[in-house]
Amino acid sequence: MTVGHALLGLLVPGERHGYDLKRRYDQQFPAARPLASAQVYATLARLSRDGLVVQGEPERDGGPDRTAYGLTPEGREELRRWLGEVEPPAPFVANPLAVKLTVAVLTAGEPAAQDYLRRQRAAHLQRMRDYTRAKTEPGVAIAELLAADYALEHLNADLLWIENAMARTAVLTEEVTSWNHT
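How each quantity is defined
Residues numbered from 1 in each chain as written. Predicted model: local features only at pLDDT ≥ 70, side-chain atom pairs only at ≥ 80, totals over all residues. Heavy atoms only, no water. Helix = DSSP H or I, 4+ residues; strand = E, 2+ residues; numbered from the N terminus. Expected span 1.5 Å × (residues − 1). Buried < 20%, exposed > 50% of the residue type's maximum accessible area, 1.4 Å probe, protein only. Arc of directions from axis to C-beta. Contact = heavy atoms within 4.5 Å. Axes fitted to C-alpha atoms, helices over the stretch in contact; angles between N-to-C directions. Parallel < 35°, antiparallel > 145°, perpendicular 65-115°, else oblique. Left-handed = near helix turned anticlockwise from the far one by under 90°. Nonpolar A, V, L, I, M, F, W, Y, C, P; charged D, E, K, R; others polar.

Compared with an ideal rise of 1.5 Å per residue, which puts 13 residues at 18 Å, helix H3 (residues 37-49) spans 18 Å between its outermost C-alpha atoms and is within 8% of the ideal. What H3 keeps buried is the set Val 40, Thr 43, Leu 44 and Leu 47. End-on, the buried residues of H3 take up no more than an arc of 100°, which puts them together on one face. What points out from H3, more than 90 degrees from its buried face, is the exposed set Ala 38 and Arg 49. Next to the buried residues of H3 lie helix H1 (3-10), helix H2 (18-28), strand E2 (53-55) and strand E3 (68-71). Positive phi appears at Gly 51, one or two residues downstream of H3, with a value of about 80°.

Given below as structure tokens:
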């Protein structure tokens, strides 16, 4: 998801100030990294330059100036176009766990790699317990519930990968150490 498209979506109901957009983004996308205010304003400036949002006149209310932003017809069309696109499955999967496993085998051997996988599995299980607990909190917002579900499914996929990797570490060790001798 691009931040620009998320901000366009948050502007559909009507004009908002940059700070309001940041706050709303952080509420609506609890599993995403919180936005820095500077990122919000830089993105709004780009969207304005591209004709997708329009800036209102700055308002003074005893504090810093506040500028409201609104969606243009071009911004609505861009949002419709983006929402109509299917996200292609990534051709490459960044897997820092696999990289760390291979480097552990290279530098410290199979026992260290197995130990890493056991510790990583424990960390994943703890995070899954945290998300499961968060899902059962009274009054949990649907956005938080959906974010927890998404995270749990990804953690579960990682756990399956960790189990497979633990079973294949000996073969990986043979393969990796044979590279060192060629």
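Any two packed helices are characterised by the angle at which their axes cross and by the distance between the axes. Contact pair helix H5 (residues 96-108) / helix H6 (residues 110-135): the axes reach a minimum separation of 7 Å and the direction vectors enclose 150°. Judged on the interaxial angle alone, H6 and H5 are roughly antiparallel. Seen from above, H5 lies across H6 with right-handed handedness. Where H5 approaches H6, its residues Leu 97, Lys 100, Leu 101, Ala 104, Val 105 and Ala 108 are matched on the opposing element by Glu 110, Ala 112, Ala 113, Tyr 116, Leu 117, Gln 120 and His 124. The residue makeup of the contact of H5 with H6, split by class, is nine nonpolar, two polar and two charged.

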